[in-house]
Each structure stands twice: as C-alpha cells, then as structure tokens.
Amino acid sequence: MRAHVIERVLSDAQTFINGGAWVPPNIEGMAPFIPIQSDGELHRGYRSFIMPHVVGKPLKGAIERARGLAVGLIEGFRDKGTCDFTTDFAQHLPIEVFLSLVDLPSSDRPYLASLAEVVRMPSLEDRMDAFNKLHEYVARYVDERTANPGEDLISTIVNGTIMGRPMTRDEIVGECTQVLIGGLDTVASMMGFIAAHLAVNTPLRQRLIEEPRLIERKIDEIIRRFGVAAPARQAVADVEIDGVEVKKGDPVFVATMLHGLDDQRWTDPLVIDLDRSASGTDFRTFGSGPHRCPGAALARSEIILFLEEWLKRIPDYSLIPDQPMVVGSGSVTGVLSLPLQWKV
Ligand code: HEM
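Residues numbered from 1 in each chain as written. Predicted model: local features only at pLDDT ≥ 70, side-chain atom pairs only at ≥ 80, totals over all residues. Heavy atoms only, no water.

### Observations regarding the site of the ligand
For step 1, the next point in the chain: Around the ligand sit 28 residues in total, of which His-43, Arg-47, Arg-233, His-291 and Cys-293 are the nearest.
For step 2, the next point in the chain: In the model, an oxygen atom of the ligand is placed 2.6 Å from a nitrogen or oxygen of the His-43 side chain.
For step 3, the next point in the chain: Between Arg-47 and the ligand, the recorded distance is 2.7 Å, taken from a side-chain N or O atom to an oxygen atom.
For step 4, the next point in the chain: Those elements that place two or more of their residues in the shell around the ligand are helix 2 (40-50), helix 9 (169-182), helix 10 (185-200) and helix 14 (296-313).
For step 5, the next point in the chain: Broken down by class, the residue content of the shell around the ligand amounts to 15 nonpolar, 10 polar and three charged. (Near = heavy atom within 4 Å. Polar contact = N/O pair within 3.5 Å; in protein donor to acceptor, adjacent residues only side chain to side chain. Helix = DSSP H or I, 4+ residues; strand = E, 2+ residues; numbered from the N terminus. Nonpolar A, V, L, I, M, F, W, Y, C, P; charged D, E, K, R; others polar.)

### Details of the packing of aromatic side chains
For step 1, the next point in the chain: Within this structure, the stated rule accounts for 15 aromatic pairs.
For step 2, the next point in the chain: Judged by centre distance (5.4 Å) and plane angle (50°), the rings of Phe-85 and Phe-89 are tilted. In this pair, Phe-85 and Phe-89 both sit in helix 4 (residues 85-90), four residues apart, roughly one turn of the helix. There is no split in this pair, since Phe-85 and Phe-89 are both buried.
For step 3, the next point in the chain: Pairing Phe-85 with Phe-306 gives two aromatic rings, centres 5.3 Å apart and planes at 65°, and the pair type is edge-to-face. Pair noted here: Phe-85 is in helix 4 and Phe-306 is in helix 14, with a separation of 221 residues, a long-range link.
For step 4, the next point in the chain: In this structure Phe-306 comes out as buried when scored by relative accessible area, which is 1%.
For step 5, the next point in the chain: Here a set of aromatic residues connected by ring pairs shows up, and it is made of Phe-77, Phe-85, Phe-89, Phe-306, Trp-310, Tyr-317 and Trp-342. (Phe/Tyr/Trp six-rings, centres within 6.5 Å; stacked < 30°, edge-to-face > 60°. Buried < 20%, exposed > 50% of the residue type's maximum accessible area, 1.4 Å probe, protein only.)

### Topic: the pairing of strand 11 (residues 334-337)
For step 1, the next point in the chain: Pairing of strand 10 (residues 326-328) with strand 11, which is carried by three bridges, proceeds in the antiparallel orientation. Paired with Val-326 across the two strands is Ser-337, which belongs to strand 11.
For step 2, the next point in the chain: Two successive antiparallel strands, strand 10 and strand 11, enclose a turn made up of five residues, where Gly-330 displays a positive phi of approximately 145°. (Pairing = 2+ DSSP bridges.)

### Considering the pattern of salt bridges
For step 1, the next point in the chain: Per the counting criterion, the structure on display carries 25 salt bridges.
For step 2, the next point in the chain: Linking Arg-207 and Glu-211 is a salt bridge whose minimum nitrogen-to-oxygen distance equals 3.0 Å.
For step 3, the next point in the chain: Judged by relative accessible area, Arg-207 falls into the partly exposed class, the value being 27%.
For step 4, the next point in the chain: As a salt-bridge pair, Asp-275 and Arg-207 come within 3.3 Å of each other at their nearest N and O atoms. In this pair, Asp-275 is assigned in the loop between strand 8 (251-253) and helix 14 and Arg-207 in helix 11 (residues 202-210), connecting sequence segments 68 residues apart.
For step 5, the next point in the chain: Here the residues in one salt-bridge network are Arg-67, Glu-75, Arg-78, Glu-308, Glu-309, Lys-312 and Arg-313, joined through shared partners. (Salt bridge = Lys/Arg side-chain N within 4 Å of Asp/Glu carboxyl O.)

### Let's talk about the sheet that holds strand 9 (residues 318-319)
Across a sheet, strands are paired by hydrogen bonds formed along the backbone, either parallel or antiparallel in direction.
For step 1, the next point in the chain: Strands sit in the order 2-12-9 across an open sheet of three strands; the sheet is antiparallel. The sheet is open, and its two edges are formed by strand 2 (82-84) and strand 9, each paired on a single side.
For step 2, the next point in the chain: Pairing of strand 2 with strand 12 (residues 339-341), which is carried by three bridges, proceeds in the antiparallel orientation. Each bridged residue has a counterpart across the sheet, and for Thr-82 the counterpart in strand 12 is Gln-341.

### What about the sheet that holds strand 8?
For step 1, the next point in the chain: Ordered by their spatial adjacency, three strands build an open sheet running 1-5-8, and the pairing between neighbours is antiparallel. Every other strand in the sheet has two partners, leaving strand 1 (16-17) and strand 8 as the edge strands with one partner each.

### Structural notes on the nonpolar core
For step 1, the next point in the chain: Judged by nonpolar contacts, the single largest core of 92 residues is most densely connected at Phe-85, Phe-89, Phe-306, Leu-307, Trp-310 and Tyr-317.
For step 2, the next point in the chain: Residues in contact with Trp-310, not counting those within four places in the same chain, are Ile-74, Phe-77, Cys-83, Phe-85, Phe-89, Pro-315, Tyr-317, Leu-340 and Trp-342. (Core = buried A, V, L, I, M, F, W, Y, C linked by side-chain atoms within 4.5 Å. Contact = heavy atoms within 4.5 Å.)

### Some thoughts on the coordination of the iron atom of the ligand
For step 1, the next point in the chain: One donor from the polypeptide reaches the iron atom of the ligand: Cys-293 (SG), at 2.3 Å.
For step 2, the next point in the chain: If you trace the backbone, Cys-293 turns up in the loop between strand 8 and helix 14. (Donors = N, O, S within 2.8 Å, 3.2 Å for Na, K, Ca; no water.)

### Observations regarding the state of the cysteines
For step 1, the next point in the chain: Taken as a whole and judged by the stated rule, the model has zero disulfides.
For step 2, the next point in the chain: Not engaged in a disulfide, the cysteine Cys-176 finds its nearest cysteine sulfur in Cys-293; these two sulfurs lie 16 Å apart.
For step 3, the next point in the chain: In this structure Cys-176 comes out as buried when scored by relative accessible area, which is 1%. (Disulfide = S-S within 2.5 Å.)

Shape descriptors only; they carry no functional weight alone.
Structure follows, in structure tokens:
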C-alpha cells in the first residue's frame, strides 16, 4: 500500500466509513469502540469530549506524572543490568497518562497493566475476559463520577450530550475504555521499536545523547519511521483504488506504517535521518482526516520523555542475542517483549 493510497482512503470519509467492518473483526458481543467505530455527526460529538483533555494543562499534568514514573522505573532496574523494556517500562507510561487524564491513583496501574497483557493474548476467551474486566473497571468509576463529577475526562463524558440527548451508560463506558486502549499498545509499541532500533544503531543513539535537544526537535522524523497502527474502513460504494476494485461493503485495512516507509515519498525511508529537511509532520503515523489521532500530542510528549530520561540513565544498552524481541500483529503492531541488557 503506497502513501498516496493511504492518503486517499483516510481523506475520503464519505466513501470509506469507520462504522462498518474492522480488521480483525470485533469479538462477537463486544460493544463498538467509541469514537473510532462511528461516523459523521455522532463521531464529531463523541470526539469533542476527548479533545479538551488531551492538550494544554491536562497534557502537561499527565506528562509530569509519567516522567516521574519513568525515572522511578528506570532507577528501579538500572542496577540489575537487564529488563524487559515492554513489561517493565513502556507499558506503564501510557497507563499512568490515562490515570492522570481521568484523575485516578497510580495504585490502579498494576491491575491495568495485567489486563493490558491479556488483551493481546491469542486466545479469544482470554481477550474477551480482559476486555470485560477493563469495561468493569471503567464502569465503576463512571458510576462514581456520575454521582460526584469532577473536571476529569470521565466526568466530561458522563455529562456529555450527543445529538441533543444524554450519552447512554454503554456509550460512556465504551468511550472511556477506548481512550485507555487507544493510547496503550500504540505508545508502548512505538517506544519498543525505537528502543530496539537505537540498541543496534550506535551512531544515531550517540548523536541523541550528545545533542539531547534533537530529541524534541526531530521527534517527528522518529515517529514517521515507526508507525504501528492499522485502522480499517468499509467502502460504502464500488470504487477503484490504485487499480484495485473495491466492492461496496468490503473492508479496507489501512496500514499507516507503510506511509512513512514508502520510497516513492521518502528518500531512504528506513533511515532515521536527523538532518532530513522535509519530514515535518506530513506522515500518517497518527492517521489523517476526521479520525486523526486525538492523542497525537500526548503520544509525542510521551516518546520525548522516554528518550530524554532513558538515554540519560542507560545510554549504552543492547539486545540480548538469545532472547529475541517478540512482536504481535493486529490493528496495532505490538512489541510484546523486548529483553535488553547493559553493563553495570
Ligand atoms: C504512538 C502512539 C499513537 C499512535 C501511533 C496512534 C495512532 C492512531 C491512528 C492512526 C488513529 C486513527 C484511526 C482511524 O483513522 O480510524 C488513532 C485514533 C485514535 N487514537 Fe491514537 N495513536 C496513538 C496514541 C494515542 C493516545 C496516547 C491516545 C489517548 C488519548 C489515543 C487515542 C485515540 C483515539 C480515542 C482515537 C479515535 C479517534 C477518532 O475516531 O476520532 N491515541 N490513533
């Protein structure tokens, strides 16, 4: 799939809708994800509740909390000389960010981390069970904030009206759960791919260590290289895309990671080139069009803080030869495990 095809599908929300098929399909009986599996006015309404909570002061607060956690986690395993980057580190940061957005304590993090692992399990039963537990977890706080609203994201959604009516409890729980899941695997996996890349690319790692200001300045070039999300669309009419006939009702899998890797669009796309002049933000790692990731600024800040705090404390590290990285596919390409080692 070429960059121009990805752009075309994402920009034509009339022909390619979100509300239909999903790849892989939703587990039977599971509520649709909100707002990602909705369209038009309904989608705009759902989305409007999220936006104020993922910018400005809430974003700053969430990143401060995540930075504190990142430093604590790294200091906790630094003297051991090894860690599993995903389960000991990366997975915890987005959970902490979510807990900050919904004003809940860090003490809930281990429970959510245990479910995050199960959501990726190959067994359908395990996955369904984990999703149900996530729903139950969120529903408990939805009820609490319905009784005692605050200024957090859950309270905004609880009090939201959509197309002139109040949100239903299912919609509220579905939307809060998607904000949690939307930022979880995506951020953790991107951090994993970046950490693995830097482990084997010493000159690039060295440059970021010696010129730490480049981390923030060039973060978009790093994000371009490591797309992880592959959302889906459903065609509502027969249409031809790049010579391929798509029939009405067909699902279309939009592998956003291929946009940043298209050699017709980028010179040496596999190379993270800190001197590349034209990367800007013209990539599709966060999608585009009406569903463009609302958490993009948050994700960007999380990746920056990971690189800043990690490279300061564990500058020289490597992969463990007999313990390979484990990657899982799906609507998000996840780094399930990334064993790392360093000298102590
Ligand atoms: C590196 C991290 C991330 C990546 C690569 C990523 C990627 C994406 C992409 C490609 C979409 C568009 C889906 C579509 O077109 O159907 C999307 C939507 C979404 N993302 Fe992210 N995301 C990331 C982080 C986050 C974070 C931190 C949050 C938490 C706030 C989040 C919440 C969402 C939500 C709620 C949607 C649905 C938006 C809508 O349907 O309007 N994402 N994300």
